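Analysis of the macromolecular model
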Amino acid sequence: MRLTDCHNFGDFRRLAKRRLPGPIFHYIDGAADDEITYRRNTSSFDDVDLVPNVLAGVENVDMSVEVMGQKLDMPIYCAPTALQRLFHHDGERAVGKAATKFGTMFGVSSLATVTVEEIEKLAPGPKMFQFYFHKDRGLNDTLLERARAANFQVMALTVDTITGGNRERDLRTGFTSPPKLTPASALSFALHPQWAWNFFTKEKFDMPHLSGHVSAGTNLAVSVGEYFSTMLDQSMNWKDAEKLCAQWNGQFALKGIMSVEDAKRAVDIGCTGIMVSNHGGRQLDGSRAPFDQLAEICDAVGDKIDVICEGGIQRGTHVLKALSVGAKACSGGRMYLYALAAAGQAGVERVLGNFRTEIERDMKLMGVTSLDQLSRENLRYR
């Protein structure tokens, strides 16, 4: 199987599974507990049908959107994800370059493996910095100021990782960051020699934003769940979020909002955006899917704040359904991580190109020439 054979989400996933050692693949692929929410994130879109119009003159369509003050050439962007150089040795460099090429936003995690300073130089397009609220307040201040100095336009505080989710696949495979060398992992590395060669011979794995503050995840191998549970501040509350929003004093979003009440509070503290997200089903299994919650959140705050549907997006039609409900745009992590693992920058470019092609074709088939023509009138719930 080659990159040119990848036409959809499942194709990229299969190629990534071939390229990655088992523990690394299952870290991307896995979710919490029984993974019910993870599956529902995508299957929720199946419960809604699109109703197209015809004879609409759709020779030219405009799929651009403005999200949190950023003009995007397409209504989907690369959500921030951690540890990207575990999946491909270029990591965030590959994703940033691809996102810039396609005129969309690139989210960079606090747990990134490339610095915001380097990313500023190689990815001049719209950028979001994802903020984890650590117990170390000095680290928090440093993260914010580095993102500001690197000209990141949007700050997103993740609010759904107050403790680590029960990611049982990681427990079974022994996944840690950085990877520990055990008999089982050594065999998996040996069976994927290209990944092992790149990981062990290229620049040392690091999470540079944490250097000098914490050793966990960089010099000390830990699971991601353990990191969340021990390094992040479980006392974080709305006052902390409001203070951080004021300190950033710019485009500011909360990532991981799932209730109407919390969406309203996000507006009250001065946020300009929210990501309706359950962390890809990796935290609270049995929670609602973002698309299932989207309508009531958009009804409550959609005229006051930019609402992003994040999670489960695998098709251009998923994007159009979310925008029809009221979302400003969509975002996702796995939707490009499999492609990154499969082929680096070329893989991310291919998946973004596939989305652009699908969205353009689907807009034409829906009979719309701009995304603001979408509404719930063109949806029917089963």
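So, a few notes on the structure that sits alongside this text. The model shown is predicted, which means the values in this text are computed figures rather than measured ones.

Focus on helix α2 (residues 22-29)
- With respect to burial, α2 is a largely interior element, six of its eight residues being buried.
- The set of residues buried in α2 consists of Pro-23, Ile-24, Phe-25, Tyr-27, Ile-28 and Asp-29.

A closer look at the packing of aromatic side chains
- Tallied over the entire structure, the rule returns 14 aromatic pairs.
- Their ring planes at 50° and their centres at 6.5 Å tell us that Phe-131 and Phe-133 sit as a pair that is tilted.
- For Phe-131, a relative accessible area of 0% gives the class buried.
- A ring pair is formed by Phe-199 and Phe-200, whose centres lie 5.0 Å apart and whose planes are at 90°; its orientation type is edge-to-face.
- Assessed through its relative accessible area of 14%, Phe-199 is described here as buried.
- Relative accessible area serves as the criterion here: at 49%, Phe-200 is assigned to the partly exposed category.
- Ring-pair connections join several aromatic residues into one group, and the members of that group are Phe-189, Trp-195, Phe-199, Phe-200 and Phe-205.
- The side chain of Arg-282 reaches across the aromatic face of Tyr-27, ending 4.7 Å from its centre.
- One Lys or Arg, Arg-334, reaches over the ring of Tyr-38 and ends 3.9 Å from the middle of that ring.

What to know about the packing of helix α13 (residues 260-268) against helix α14 (residues 290-301)
- The geometry of α13 relative to α14 is characterised by a closest axis approach of 9 Å and an angle of 35° between their N-to-C directions. α13 and α14 meet at a crossing whose hand is right-handed. Each of Val-260, Ala-263, Lys-264 and Val-267 in α13 lies in contact with α14, whose residues at this interface are Glu-296, Ile-297, Ala-300 and Val-301.
- Looking at the contact of α13 with α14 residue by residue, the class counts come to six nonpolar, no polar and two charged.

A word on the layout of surface pockets
- Approximately 480 Å³ is the volume found for the largest pocket.
- Lining the largest pocket are 21 residues, and of these Val-159, Asp-160, Ile-162, Gly-256 and Asp-262 sit closest to its centre.
- Sorting the residues of the lining of the largest pocket by element identifies α12 (238-248) and β8 (251-257) as the ones contributing at least two each.
- Examining the composition of the lining of the largest pocket, we find that three residues originate from one element, β8, more than from any other.
- For the lining of the largest pocket, the class distribution of residues is nine nonpolar, 10 polar and two charged.

Overview of the packing of helix α1 (residues 9-19) against helix α16 (residues 334-366)
- In contact at an axis separation of 9 Å, α1 and α16 are set at 150° when each is read in the N-to-C sense. One finds that α1 runs roughly antiparallel with respect to α16. Considering only the axes of α1 and α16, their crossing is right-handed. Between α1 and α16, the contacting residues are Phe-9, Phe-12, Arg-13, Leu-15, Ala-16 and Arg-19 on the first element and Arg-334, Met-335, Tyr-338, Ala-339, Ala-341, Ala-342, Ala-343, Gly-347, Arg-350, Val-351 and Asn-354 on the second.
- Here the residues of the contact of α1 with α16 sort into 11 nonpolar, two polar and four charged.

A short note on the nonpolar core
- Counting residues in hydrophobic clusters, the biggest one holds 127 residues, and the most contacted among them are Leu-83, Phe-87, Leu-254, Ile-274 and Leu-294.
- At 15 residues, α16 tops the list of elements feeding residues into this core.
- The contact partners of Leu-83, leaving out residues within four places of it in the chain, are Tyr-27, Leu-111, Thr-113, Phe-175, Ser-177, Phe-205, Met-207 and Val-224.

Some remarks on the pairing of strand β5 (residues 106-109)
- Of the two faces of β5, the one lined by Phe-106 and Val-108 and the one lined by Gly-107 and Ser-109 are each fully buried.
- Relative to strand β6 (residues 127-131), β5 is paired through four bridges, and the arrangement is parallel. Bridge pairing in β6 links Gly-107 to Met-128.

Some points on the side chain of His-88
- Here His-88 lies in the loop between α4 (84-87) and α5 (92-101).
- For His-88, a relative accessible area of 15% gives the class buried.
- Beyond its immediate stretch of four places on either side in the chain, His-88 contacts Leu-340, Ala-343 and Gly-344.

What counts, and at which threshold
Residues numbered from 1 in each chain as written. Predicted model: local features only at pLDDT ≥ 70, side-chain atom pairs only at ≥ 80, totals over all residues. Heavy atoms only, no water. Buried < 20%, exposed > 50% of the residue type's maximum accessible area, 1.4 Å probe, protein only. Helix = DSSP H or I, 4+ residues; strand = E, 2+ residues; numbered from the N terminus. Phe/Tyr/Trp six-rings, centres within 6.5 Å; stacked < 30°, edge-to-face > 60°. Lys NZ or Arg CZ within 6 Å of the ring centre and 35° of its normal. Axes fitted to C-alpha atoms, helices over the stretch in contact; angles between N-to-C directions. Left-handed = near helix turned anticlockwise from the far one by under 90°. Contact = heavy atoms within 4.5 Å. Nonpolar A, V, L, I, M, F, W, Y, C, P; charged D, E, K, R; others polar. 1 Å grid on protein atoms, 1.4 Å probe; cavity = no way out; pocket = protein on both sides within 12 Å on 5 of 7 lines; lining within 4 Å. Points joined across faces, edges and corners; volume = space filled by probe spheres on them. Parallel < 35°, antiparallel > 145°, perpendicular 65-115°, else oblique. Core = buried A, V, L, I, M, F, W, Y, C linked by side-chain atoms within 4.5 Å. Pairing = 2+ DSSP bridges.

Function-wise, these values are silent; they only describe arrangement.
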